[in-house]
Amino acid sequence: MTLEDAKQASGYKAAEFVENGMIVGLGTGTTTAYFIQALLGRMGKGLNIQTVASSRHSADQARKGGLTVLDINEAPRIDLTVDGADEIDPQKRMIKGGGGAHVREKILASSSTEMVVIVDETKLVPQLGHVKLPVEILFYGSSATQSKIDALGYKGAWRMDPSGTLFLSENGNLIYDIHFPFPPKHPEQLHLQMIQIPGVVDTGFFFRLAGRVVVGRSDGSTYLLKNLNEQ
Ligand code: 5RP
């Protein structure tokens, strides 16, 4: 049993929350790909839904399998968005954006009745900041934007493609990945500092967006992360 089994278990479990007639937001990433796979399997058994996608990759997977993918501006509502995370803490705060789609993912999550998060146990952390924080930045003035971030005391690097060219986000912007020597004590404050810098589109911090969190184990079992007041 492997990490892939854990990802599959959480993705498949979340697909059980989807009901006929729903408009479902599709996140991005390897765990979400299992969720979409499970939805496609349920379509063969009569599931009738529409979707909205946070990335070309998720839209392609959904469309190839026969799912309807709406433009977000055409969706009258989003009932449920299901998405992965790079890190999640006990308060269900997250860092996302490993796939460069976090701005669209946040728009979907914040426009949904519920965001269901699907993770394997390696994503559970006591404090956010072990992974790099993706910050999406406009190309125009990006050197000046970088200097302003660096002046706050944060160091990062421009994300690159495997081919050695600058990585472009789902929106065609740059991603500056910030490395923390220590997990930041006040992620909300840090987020607010960053988004006030002109040229910063958004950070990969997600606060107060996660609803149910389905955690997959490598033995194929799953559980729901408890809320802090239940622990
Ligand atoms: C993409 C994301 C992903 O949800 C996150 O990177 C987790 O991906 P994976 O399920 O492949 O571990 O935020 O922008």
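Before reading further, recall that the structure is shown in the block above.
Read on for a plain summary of the structure.

Calculation notes
- Residues numbered from 1 in each chain as written.
- Predicted model: local features only at pLDDT ≥ 70, side-chain atom pairs only at ≥ 80, totals over all residues.
- Heavy atoms only, no water.
- Helix = DSSP H or I, 4+ residues; strand = E, 2+ residues; numbered from the N terminus.
- Rg over C-alpha atoms; globule rule 2.2 N^0.38 Å.
- Buried < 20%, exposed > 50% of the residue type's maximum accessible area, 1.4 Å probe, protein only.
- Areas by Shrake-Rupley, 256 points an atom, 1.4 Å probe, with all protein chains shown as cover.
- Patch = residues over 30% accessible without salt bridge, like charges linked within 9 Å, V, L, I, M, F, W, Y side chains within 5 Å.
- Salt bridge = Lys/Arg side-chain N within 4 Å of Asp/Glu carboxyl O.
- Near = heavy atom within 4 Å.
- Polar contact = N/O pair within 3.5 Å; in protein donor to acceptor, adjacent residues only side chain to side chain.
- Nonpolar A, V, L, I, M, F, W, Y, C, P; charged D, E, K, R; others polar.
- Contact = heavy atoms within 4.5 Å.
- Core = buried A, V, L, I, M, F, W, Y, C linked by side-chain atoms within 4.5 Å.
- Phe/Tyr/Trp six-rings, centres within 6.5 Å; stacked < 30°, edge-to-face > 60°.
- Lys NZ or Arg CZ within 6 Å of the ring centre and 35° of its normal.

Take the overall build of the protein next. Looking only at helices and strands, the protein features six helices and 14 strands. For 231 residues, the compact-globule estimate of 2.2 N^0.38 gives 17 Å, and the C-alpha radius of gyration of the protein, at 18 Å, lies within 12% of that figure. With respect to the three principal axes, the spread of C-alpha positions in the protein is 55 × 40 × 35 Å. Put simply, the protein has 231 residues, and 49% of those count as buried. Of the roughly 11100 Å² of accessible surface on the protein, 53% is carried by carbon and sulfur atoms.

Bringing a nonpolar patch on the surface into the picture now. The grouping of L138, Y140 and V201 at the surface amounts to a nonpolar patch, some 340 Å² of accessible area in total. Along the chain, L138 falls in the loop between β8 (133-137) and α5 (142-151).

As a further point, take the site of the ligand. Among the 18 residues in the neighbourhood of the ligand, the closest are listed as T30, T31, D86, G97 and K123. Contact between the ligand and T31: an oxygen atom at 2.5 Å from a side-chain N or O atom of the residue. Within the residue set of the shell around the ligand, elements represented by two or more residues are α2 (30-43) and α4 (102-110). Broken down by class, the residue content of the shell around the ligand amounts to two nonpolar, 10 polar and six charged.

Let us look at the pattern of salt bridges. Inspection of every chain in the model, using the stated rule, returns 12 salt bridges. For K106, the salt bridge is made with D202, and the minimal N-O distance between the two is 3.1 Å. Placement of the pair is K106 in helix α4 and D202 in strand β11 (residues 200-203), with a sequence separation of 96 residues. Of the two residues, K106 and D202, neither departs from the other in class, the shared state being buried. Across the pair R217 and E121 runs a salt bridge whose closest N-O atoms are separated by 4.0 Å. Pair noted here: R217 is in the loop between β13 (210-216) and β14 (222-224) and E121 is in the loop between β7 (112-120) and β8, with a separation of 96 residues, a long-range link. E121 gets classed as partly exposed once you look at its relative accessible area, which sits at 38%.

A few words on the environment of Y223. Secondary-structure assignment places Y223 in strand β14. With a relative accessible area of 24%, Y223 lands in the partly exposed category. Placed 214 residues apart in sequence, Y223 and A9 show a C-alpha to C-alpha distance of 9.9 Å. Once residues lying within four places of it in the same chain are set aside, the contact partners of Y223 are E121, L124, V213, V214, V215 and R217. Engagement of the side chain of Y223 in a polar contact is seen with the side chain of E121, the distance being 3.0 Å.

Here the focus is the nonpolar core. Counting residues in each nonpolar core, the largest one holds 22 residues, and the members touching the most others are V18, F35, L39 and I49. Where this core is concerned, the elements lending two or more residues are α1 (3-15), β1 (23-26), α2, α3 (56-64), β4 (78-83) and β7. It is α2 that contributes the most residues to this core, four residues altogether. In this structure, L128, I178, V200 and F207 belong to the second largest nonpolar core, which totals 17 residues.

Turning our attention to the packing of aromatic side chains. A full pass over the atoms with the stated rule returns three aromatic pairs. Ring centres of W158 and Y176 lie 4.8 Å apart, and the angle between their planes is 50°; on these two criteria the pair is classed as tilted. Of this pair, W158 sits in strand β9 (residues 155-158) while Y176 sits in strand β10 (residues 174-179); the two residues are 18 residues apart in sequence, bridging distant segments of the chain. Its relative accessible area of 1% is what places Y176 among the buried residues. A ring pair is formed by F205 and F207, whose centres lie 5.4 Å apart and whose planes are at 20°; its orientation type is stacked. Using a relative accessible area of 11% as the deciding quantity, one classes F207 as buried. Above the ring of F206, the side-chain terminus of K106 is found at 5.0 Å from the ring centroid.

Limitation: the analysis is restricted to geometry and does not speak to function.
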